[in-house]
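Listed here are the chains, written in short residue letters.
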Amino acid sequence: MKFVAVSSCPTGIAHTYMAAEALEQAGKAAGHEVHVETQGAAGSTPLDPAIIAAADGVIYAADLEVQAKERFAGKPSVDVGVKKAVHDPTGVLAQAVAAVEAGVPAEDAAAAGAVPSAGAPRPVTKVDANAGAGTRIRQWLMTGVSYMIPFVAAGGILIALGFMVAQAAWPGNEGPVAVTAVPVEDLITSFSITSGQDWAVLLYQTGAAAFGFLVAVLSGFIAYAIADRPGLVPGFVGGAISVVIGAGFLGGLVTGFVGGFLALWISRWRVPKGVRGVMPVVVTPLLSSLITGFLMFVVIGRPIADVMDGLTNWLNGLSGSNLVLMGALLGAMMGFDLGGPINKVAYTFAVTGLATEGLTGDAVQYRIMAAVMAAGMVAPLAMALATTVRKRLFTHAERENGKAAWLLGLSFISEGAIPFAAADPWRVIVSSVVGSSVTGALTMAVGSGLRAPHGGIWVLPLISNPLGFLLAVAVGTVVTAGVVVVLKGLRPSPLVQAEQEADAVAAAPAATTQPAVA
Amino acid sequence: MSLPLTSAELVGVDLAAADRDDATRQLIALLAAAGRVTDAEGFHADVRAREAQMATGMPGGVGLPHARSEHVAAPSLAVGKLREPVDWGAPDGPARLVFLIAAPAGGDADHLQILAALARRLVHESFRQSLLDAPDAATVAEIVQREVVPS
């Protein structure tokens, strides 16, 4: 097993380190991996989060309050004090092994009885189990999405570049269609380094290979977030099946959760000692994959594929004013919390859309991505603009942030506006929502599309109708900046006024009388 | 580091001590004689206070009295090998090896790292045995200097 431990003692120079060494040695002797964070007088080096994540259990050999204890939340733990760890490290380790086998974190043991469902995760907190579950679901999802994004980025940009090269390499306008029709065999057998067409095919096929992983990676890492390493196999396998049966990313979301919870459940079985060693390597991946496969092929796969088809058809059926409305809504979501949960919902919707199979060049999914990215650029750009044209409405710190916000906005990092929203939430958010939704709607109206999930101005060459895209961003930026200037002008911030009075006082005497003491 | 943590003059081999307090007092005297502790009585009181909090007897016949104190001039380690073991509050029996750690109140990180390394070495039986086997003070000091390296 793998353990992490924290040791500390009142003086912080002896027991802390003896306990650490004793636990590590006892672990070595018993065949367990033990990593100890010594919170002593010599300072403490925090444990690598990856090590904490991989740990089966936690040992607290601490006589002082454990620093940053929340890092270990949800793991089975024993709390023994530092002295016991020094004198009886083997016993402490045995206690920890027992706690892991019981499978329930010590502090949650009482609450566990109230949540009997077998596959369910441990409750996060005793007080607010519902909010905790919601947060965890979001974290699982975002884990999957965050691992998927680099695949989308690499694949999307390669494909887009492939189309750009194809446009130039084939006569007329047939390039983007022709490039997808070239068989892979031609590329392998007769690649010519001087042929633009061959390069186009190479770029396109490589990007397509990266895209082939999207659903599997999404599913695999959702399962990983839930069940740790045992979740990877059923998650990936489920995601791959989802693609085969046409259930797309929707199926991938389902298999991520199904595979993750199956793996989690199976890995908690109480099995004879002899079998325990092969559980994580053989039994858990085998059984959880088999069950996931059965469910996807036979039980729930078909209905999910139907829903997926429905969603795709609905999106493709959207046109004109409906698309503009959708752009406005997604834009408003992007601008609302600047990188928070609502922003992420809109963004995830757009990114997972990119993973849909068999999209045509002007697919609605690409237009959604363009609208979401354009809207996400508005808030920081607008704050930068507002601090430039109306300096006196902002504090010194905000003016500094404003300079950085230009670059953040251009790079599609909505978080650049957070310092402004934190200082003055409702004025900034109201203006941001208004401007971002204008941009979202305009981007839809001008028909821009984007295959890359990120990049801001730097992927402009990959955006169709780039001028329209820029126009949409600019209009929203001006709108947001205008609204925030008007709102802030109605009732100037007392902080800004105080700063300006201080500036005035500081500037006046400096001009007339130089202080004697420099 | 300017001053080594320990040296031959800070090692007492074959100490005859009546009890824990007596052994501590003799080791403090070594530190005071070397000028590493400015006020022997004051430092002894600090060590006693720490000992009262939780006895520092360690497994394997080791006593590890220690304190961070304003009466300490330089971070130091005094080592005593007792002729007769005395009780140091460890569950597995009395102590024959005593390490007295004197750390200045505002000890800097480098010295604390060395002390941490010493504590870690003490867990290993081979290290303790080599000290018990060492014939004289110079050898003890040398073993400590050689083995105790901050990781």
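This structure is a prediction, so every number in the text was calculated from the model and none was measured.

Caption draft 1: Just the confidence of the model for chain A, in detail. Residue and element names in this part refer to chain A. With 91% of its residues at a pLDDT of 70 or more, chain A has an overall mean of 82. For residues 106-131, every residue scores under 50 in pLDDT, and the model assigns this stretch 27 contacts once sequence neighbours within four places are set aside. Low pLDDT (under 50) marks residues 510-518, which in the prediction has 0 contacts with non-local residues, meaning those over four places away or in another chain.

Caption draft 2: Structural context of helix 15 (residues 301-317) of chain A. Residues and elements named next belong to chain A. Taking 1.5 Å per residue as the helical rise, helix 15 with its 17 residues ought to reach 24 Å, and the 24 Å between its terminal C-alpha atoms agrees with that figure. If you check which residues of helix 15 are buried, you get Gly301, Ile304, Met308 and Thr312. The arc that holds every buried residue of helix 15, seen down its axis, measures 75°, which confines them to one face. Turned more than 90 degrees off the buried face of helix 15, the exposed positions are Pro303, Asp306, Gly310, Asn313, Trp314 and Gly317. Buried residues in helix 15 make contact with helix 12 (248-267) and helix 14 (279-299).

Caption draft 3: Structural context of the interface of chain B and chain A. If you look at the interface, chain B gives 23 residues, while chain A gives 18 residues. At the level of elements, helix 2 (40-53), strand 4 (66-69), strand 6 (95-104) and helix 3 (109-122) of chain B are the ones that each hand at least two residues to the side of chain B that touches chain A. Top contributing element to the side of chain B that touches chain A by residue count: helix 3 of chain B, with 8 residues. Taken together, the residues of the side of chain B that touches chain A break down into 15 nonpolar, 5 polar and 3 charged.

Caption draft 4: A look at unusual backbone geometry. Residue and element names in this part refer to chain A. Of note in this structure, Asp228 is not a glycine but carries a positive phi near 70°. For Asp228, the location among the structural elements is in the loop between helix 10 (214-227) and helix 11 (232-244). Exposure remark for Asp228: the 18 C-beta atoms within 10 Å place this residue in the partly exposed category. Positive phi values are uncommon outside glycine, yet Phe412 reaches one of about 60°. With respect to the helices and strands, Phe412 occurs in the loop between helix 19 (396-410) and helix 20 (418-423). On the basis of neighbour count, Phe412 is assigned to the buried category, with 24 C-beta atoms found within 10 Å.

Caption draft 5: The arrangement of the nonpolar core in detail. In this structure, Leu214(A), Ile222(A) and Val372(A) are the most contacted members of the largest nonpolar core, which totals 118 residues. Here this core takes 19 residues from helix 18 (residues 364-389) of chain A, the largest share from any one element.

Caption draft 6: A look at the sheet that holds strand 3 (residues 57-62) of chain A. Residue and element names in this part refer to chain A. Strand order in this open sheet of 4 strands is 2-1-3-4, and the pairing throughout is parallel. Both edges of this open sheet fall to strand 2 (33-38) and strand 4 (77-79), since each of them pairs with a single strand only. The mean inter-strand angle of the sheet, taken between neighbouring strand axes irrespective of direction, is 20°. Relative to strand 4, strand 3 runs parallel, the two being bridged by 3 bridges. Bridging from a neighbouring strand, Val58 pairs with Ser77 of strand 4. Docked against the sheet, helix 1 (residues 15-30) engages strand 1 (2-8), strand 2 and strand 3, running at close to 170° with respect to strand 2.

Caption draft 7: Seen up close, the pairing of strand 1 of chain A. Residue and element names in this part refer to chain A. Burial runs high along strand 1: 6 of the 7 residues are buried. Here strand 1 pairs with strand 2 via 6 bridges, running parallel. Following the sheet pairing, Phe3 is matched in strand 2 by Val34. Note that the unit made of strand 1, helix 1 and strand 2 has a crossover that is right-handed. Looking at chain direction, strand 1 and strand 3 are connected through 6 bridges and run parallel.

Caption draft 8: Inspection of the confidence of the model for chain B at higher detail. Summing up the model confidence of chain B, the mean pLDDT is 86 and the portion of residues at 70 or higher is 94%. The ipTM value of the predicted complex is 0.82, and its pTM value is 0.49.

Caption draft 9: Here's a closer look at the environment of Ala370(A). Residue and element names in this part refer to chain A. Along the polypeptide, Ala370 turns up in helix 18. Distance from Ala370 to Thr443, taken between C-alpha atoms, is 7.0 Å for residues 73 residues apart in sequence. Among all residues touching Ala370, those that are not within four sequence positions of it are Thr443, Ser448, Gly449, Leu450, Ile463 and Phe469.

Calculation rules
Residues numbered from 1 in each chain as written. Chains lettered and ligands numbered in written order. Predicted model: local features only at pLDDT ≥ 70, side-chain atom pairs only at ≥ 80, totals over all residues. pLDDT = per-residue confidence, 0-100. Contact = placed C-beta atoms within 7 Å. Helix = DSSP H or I, 4+ residues; strand = E, 2+ residues; numbered from the N terminus. Expected span 1.5 Å × (residues − 1). Buried ≥ 20, exposed ≤ 12 C-beta atoms within 10 Å, placed from the backbone. Arc of directions from axis to C-beta. Nonpolar A, V, L, I, M, F, W, Y, C, P; charged D, E, K, R; others polar. Core = buried A, V, L, I, M, F, W, Y, C linked by C-beta atoms within 7 Å. Pairing = 2+ DSSP bridges. Axes fitted to C-alpha atoms, helices over the stretch in contact; angles between N-to-C directions. Right-handed = clockwise from strand over helix to strand, strands pointing away.

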